[in-house]
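Fold and geometry: a report
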Amino acid sequence: MKSTASPSMFDLSGRTALITGSTRGIGLALARGLAESGAKVILNSRQTEAVNTAVGQLQALGLDAVGAAFDVADEASVDAAFAGFDQQGLAIDILINNAGIQHRQPMVDLPLADWNRVMDTNLTAAFLVGRATARRMIARGQGGKIINIGSLTSEAARATVAPYTVAKGGIKMLSKAMAAEWAQFDIQANSIGPGYILTDMNEALVNNPSFDAWVKSSNPAQRWGKPEELVGTAIYLASAASNYVNGQIIYVDGGWLAVL
């Protein structure tokens, strides 16, 4: 019997991928990983200078990268960016909704403005960019891949990060809703739930001796994860290898959720 598994299942050559919030940290690592697997990647941030710098870093490695500076949480900005993609002939085959922010404060003291800011960036933006992408994928009739970046807090809560927790729980269910509506168009929408990863967003926690010790003692891997350790899962979900996987969340957490 002929094997159906081959390296070509994971080849992203000829594909175009938009990765939001991709000028540093997890987003930049994912962009580099997809580009190294053959994809043309579109890097995104609100800051044009940051986008240009990150694009230059990937291009210096011989990778196919371009930039698009726009606010993923603003509907008009998203619509304008996608109109620009249409004019440039950039057809997005893979979307990674990675843009996110954090705000740590007890709920009883949490201003509504900060709640809304986190929800808009971490959840509503994924809907806005996902909707714009799916409309075009459906019109082209060639399917596509949407990967939403969740978190451990898609599954478990932690004190002082309520809006982040609720938004990431929403990411898990947004992926299921996307699958429910768009699977018929050969669009697969899934999530990745990173564990505690060494990024700029977590710098304050990494530098907090008690929190650092808690992460290492509560995680079976006994260490923080690295951004590049999310790349393999992203390539799987972006490739033909996952064509019948839809509405799922894969936790990349060193086993953290497997233990009490």
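Structure shown above.
Calculation criteria
- One numbering rule holds for all chains: residues counted from 1, following each sequence as written.
- Predicted model: local features are reported for residues with pLDDT of at least 70 only, side-chain atom pairs are reported and counted for 80 or more only, and whole-chain, interface and lining totals are derived from all residues.
- Just so you know, side-chain values use all the structure's heavy atoms and leave hydrogens and water out.
- To qualify as a nonpolar core, a set must consist of buried Ala, Val, Leu, Ile, Met, Phe, Trp, Tyr and Cys residues joined through side-chain atoms within 4.5 Å.
- Burial here depends on accessible area, computed with a 1.4 Å probe over protein chains only, as a share of the maximum for the residue type. Under 20% is buried, over 50% is exposed, and the range in between is partly exposed.
- The helix and strand labels rest on DSSP assignments: H or I over at least four residues marks a helix, E over at least two residues marks a strand, and numbering proceeds from the N terminus.
- Any two residues whose heavy atoms approach within 4.5 Å are treated as being in contact.
- Helix span, expected: 1.5 Å multiplied by one less than the number of residues in the helix.
- Working convention: axes come from line fits to C-alpha atoms, limited for helices to the stretch in contact. Angles between N-to-C directions cover 0 to 180 degrees.
- An angle below 35 degrees is read as roughly parallel, one above 145 as roughly antiparallel, one from 65 to 115 as roughly perpendicular, and any other as oblique.
- Handedness of a crossing is defined here by the sense of rotation of the near helix relative to the far one, left-handed for an anticlockwise turn of less than a right angle and right-handed for a clockwise turn.
- Each residue is assigned to one of three groups, with Ala, Val, Leu, Ile, Met, Phe, Trp, Tyr, Cys and Pro labelled nonpolar, Asp, Glu, Lys and Arg labelled charged, and all others, Gly among them, labelled polar.
- Under this rule, positive means Lys or Arg and negative means Asp or Glu; His and the chain ends count for nothing.
- In the sections that follow, a salt bridge refers to a side-chain nitrogen of Lys or Arg positioned within 4 Å of a carboxyl oxygen of Asp or Glu.
- Definition of a polar contact: a pair of N or O atoms within 3.5 Å, with one able to donate and the other able to accept a hydrogen when the atoms are protein atoms, and with sequence-neighbouring residues admitted only if both atoms are side-chain atoms.
- Should DSSP find at least two bridges between two strands, the strands are regarded as paired.

**As for the nonpolar core**
Leu30, Leu34, Val41, Leu43, Leu58, Ile96 and Ile192 are the most contacted members of the largest nonpolar core, which totals 31 residues. Elements supplying a minimum of two residues to this core: strand E1 (16-19), helix H1 (25-36), strand E2 (40-45), helix H2 (48-60), strand E4 (94-97), strand E5 (144-149) and helix H8 (231-238). Here this core gets six residues from one element, more than from any other, and that element is H1. Non-local contacts of Ile192, meaning those with residues more than four positions away in its chain, are made with Ile147, Asn148, Ile149, Gly150, Ser151, Leu230, Thr233, Ala234, Leu237, Ile249, Ile250 and Val252. One finds Leu18, Phe82, Met119 and Ala134 within the second-largest nonpolar core, a separate group that totals 30 residues.

**What about H1?**
End to end, H1 covers 17 Å across twelve residues, agreeing with the expected 16 Å (1.5 Å per residue, within 8%). Within H1, nine of the twelve residues are buried, which leaves it mostly tucked inside the rest of the structure. When H1 is considered as a whole, its buried residues turn out to be Ile26, Gly27, Leu28, Ala29, Leu30, Ala31, Gly33, Leu34 and Ala35. Backbone geometry just after H1 places Gly38 at a positive phi near 110 degrees.

**Quick notes on the packing of helix H4 (residues 112-140) against helix H5 (residues 162-182)**
Viewed as axis vectors pointing N to C, H4 and H5 meet at an angle of 15 degrees, and their least axial separation amounts to 8 Å. Taken together, H4 and H5 sit at an angle that is classed as roughly parallel. Note that H4 runs across H5; the crossing there is right-handed. Side by side, H4 and H5 meet where Trp115, Val118, Met119, Asn122, Leu123, Ala126, Phe127, Gly130, Arg131, Ala134 and Ile138 of the first sit next to Ala162, Pro163, Tyr164, Val166, Ala167, Lys168, Gly170, Ile171, Leu174, Met178 and Trp182 of the second. A class-by-class count of the residues in the contact of H4 with H5 yields 17 nonpolar, three polar and two charged.

**Some points on the side chain of Lys145**
Residue placement: Lys145 occurs in strand E5. It turns out Lys145 is buried and unbridged, and the closest side chain with the opposite charge, Asp186, is 6.7 Å from it. There is a polar contact of 3.1 Å between the side chain of Lys145 and the side chain of Ser242. Sequence-distant contacts of Lys145, that is, excluding residues within four places in its chain, are made with Asp93, Ile94, Leu95, Met137, Gln188, Leu237, Ala238, Ser239, Ser242 and Asn243.

**A few points about the sheet that holds strand E3 (residues 65-69)**
The strand order across the open sheet formed by seven strands is E3-E2-E1-E4-E5-E6-E7, and the pairing between neighbours is parallel. The sheet is open, and its two edges are formed by E3 and strand E7 (249-252), each paired on a single side. Here the average twist between neighbouring strands, direction ignored, is 20 degrees. The pairing of strand E6 (residues 187-194) with E7 spans four bridges and is parallel. The residue bridging Ile192 from the neighbouring strand is Ile250, located in E7. Each of E2 and E3 is contacted by H2, which is oriented at about 170 degrees to E3, the strand it contacts most. Of the strands in this sheet, E5, E6 and E7 touch H5, which is tilted by about 165 degrees from E6.

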